[in-house]
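A look at the structure
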Amino acid sequence: MNTIRYVPFAGRLLIGLPFILFGLGKATTYGATVAMIEAVGLPLPPLSFLGAVTLEIVGGALLIAGYKVRPVAALLAIFSMVTAFYFHNNLADQNNFVHFFKNLMMTGGLLQIAAFGAGAFSLDEHLGNRRASSNRVATAQ
């Protein structure tokens, strides 16, 4: 058995799960999250809140499921970079320093997924195999 097939799923799970958890955390702290968004000067804080929560929860779930991972990973990579530069840019503070570089590391992993796709055990692979199979049947007829 080729155990390397499990690695892309493990990677998607380990990157996607924190997005879901942090998105749910934001969803339960509307006031504090909107205040943080206002404090850094991002436009339309309530709309930014909704976008961040939706992207983190839905994007994390899609990443784990392996559905449309290339665009999802690219969006989450952009989100991670924006978050690093707007919310964790005080590198003199140890906590911000750690979060800034954590976001850069997440961006690196997400860019790998955007470049190489979902891999095995993903809806992208399953749906791709179904399409290929139905195309072979249609061509044979």
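Residues numbered from 1 in each chain as written. Predicted model: local features only at pLDDT ≥ 70, side-chain atom pairs only at ≥ 80, totals over all residues. Heavy atoms only, no water.

1. With respect to the side chain of Glu 56
For the record, the criterion: The helix count covers DSSP runs of H or I at least four residues long, the strand count covers runs of E at least two residues long, and both are numbered beginning at the N terminus. The contact criterion used throughout is that any non-hydrogen atoms of two residues lie within 4.5 Å.
Along the polypeptide, Glu 56 turns up in helix α3 (residues 45-65). Once you skip the residues sitting within four places of it in the chain, Glu 56 turns out to touch Phe 19, Ile 20, Phe 22, Gly 23, Lys 26 and Phe 79.

2. A closer look at helix α2 (residues 30-39)
Spelled out, the test is: For every residue, the accessible area obtained with a 1.4 Å probe (protein chains only) is divided by the maximum for its type, and the residue is called buried under 20%, exposed over 50%, and partly exposed between those limits. Arc definition: directions from the helix axis to the C-beta atoms.
Every buried residue of α2 is listed here: Thr 33, Val 34 and Ile 37. Along the long axis of α2, the arc covered by the buried residues comes to 95°, so they all point the same way. On its buried face, α2 is in contact with α1 (7-27), α3 and α4 (69-87). Positive backbone phi, approximately 85°, marks Gly 41, located one or two places after α2.

3. As for the packing of aromatic side chains
Basically, it comes down to this: Between the rings of Phe, Tyr and Trp (Trp by its six-membered ring), a pair exists once the centres lie within 6.5 Å; its type follows the angle of the planes, with under 30 degrees stacked, over 60 edge-to-face, and the other angles tilted.
In this structure the tally under the stated criterion is 5 aromatic pairs. Ring centres of Phe 85 and Phe 100 lie 5.2 Å apart, and the angle between their planes is 90°; this geometry places the pair in the edge-to-face category. Residue Phe 85 is found in helix α4, and its partner Phe 100 is found in helix α5 (residues 94-116); the two are separated by 15 residues along the sequence. An aromatic cluster of three or more residues is present, and its members are Phe 85, Phe 97, Phe 100 and Phe 101.

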